[in-house]
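Structure at a glance
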Amino acid sequence: MTACYVLAITGASGAIYSSRLLAALLESGADVHVTVSPSGVAVVKQELDVALSLSRFDPQPFVEYKPPWSQRSPFTLTSEHQSHLHYHHYEDYMTPIASGSFLTSAMIVCPCSGSTLAGIAHATSSNLIQRAAEVHLKEHRKLVLVPRETPLSVFALENMQRLAAAGAVILPAMPGWYHGVDSLDSLVDFVVGRILDQVGVDNKSIRRWGE
């Protein structure tokens, strides 16, 4: 059975993480179901200068994005990758990922905004992203949340504690420095690699401790 992941992109800073993560998931051969919030679209435009459309989603400029500081070869989105990528509008509750009967391997919210964190923690389901996350919690499937904010309010900390107690993995975008950092790519790859580890995708994004 082909692995199947849900990737939600919301309005926290760190759009480069979701771009790299989507490329890595597609490279693994998995099916990837993508949904993006309006704030996520705004952050992608501000940070990557890539314009995403919520109604006519084109993943190519986003997933092939290469920052001016990057030293790595750009990812190329092939027709094979395209066949494994499925887009869902954030207001569409009739999509498969809104139902627990649709089997998935895991869901990742990267980056995860504070409002998304709160919505999931309190089961408000104000959009498809929050609904799909709640589905993963109720079905006891892996849910990885990648917040990127500092400092953290007591409310954000309480929401994280509540979600961790419910079974979610709280994986802040906090890159380590012990793996031979030689570029900004190394720092991005550290976070992406840790996410991939959590959802069971084999990767060599970082040099691991002891290697």
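The rules behind the values
- Residues numbered from 1 in each chain as written.
- Predicted model: local features only at pLDDT ≥ 70, side-chain atom pairs only at ≥ 80, totals over all residues.
- Heavy atoms only, no water.
- Pairing = 2+ DSSP bridges.
- Helix = DSSP H or I, 4+ residues; strand = E, 2+ residues; numbered from the N terminus.
- Contact = heavy atoms within 4.5 Å.
- Axes fitted to C-alpha atoms, helices over the stretch in contact; angles between N-to-C directions.
- Buried < 20%, exposed > 50% of the residue type's maximum accessible area, 1.4 Å probe, protein only.
- Polar contact = N/O pair within 3.5 Å; in protein donor to acceptor, adjacent residues only side chain to side chain.

A separate point is the sheet that holds strand β6 (residues 169–170). What the six strands build is an open sheet, ordered β3-β2-β1-β4-β5-β6; its pairing is parallel. Lying at the two open borders of the sheet, with one neighbouring strand each, are β3 (85–87) and β6. Pairing analysis gives five bridges linking strand β4 (residues 106–112) to strand β5 (residues 142–147), with the strands arranged parallel. The residue bridging M107 from the neighbouring strand is L143, located in β5. Set on the sheet, helix α5 (residues 114–121) makes contact with β4 and β5; between it and β4 the angle comes to about 140 degrees.

Attention shifts here to the side chain of H179. Summarising the element assignment, H179 is placed in the loop between β6 and α8 (184–198). The class of H179 is buried, set by a relative accessible area of 6%. Within the structure, H179 has its side chain in polar contact with the backbone oxygen of S186 (distance 3.2 Å). Contact partners of H179, with chain neighbours within four places excluded, come to S186, F190, I206 and R207.

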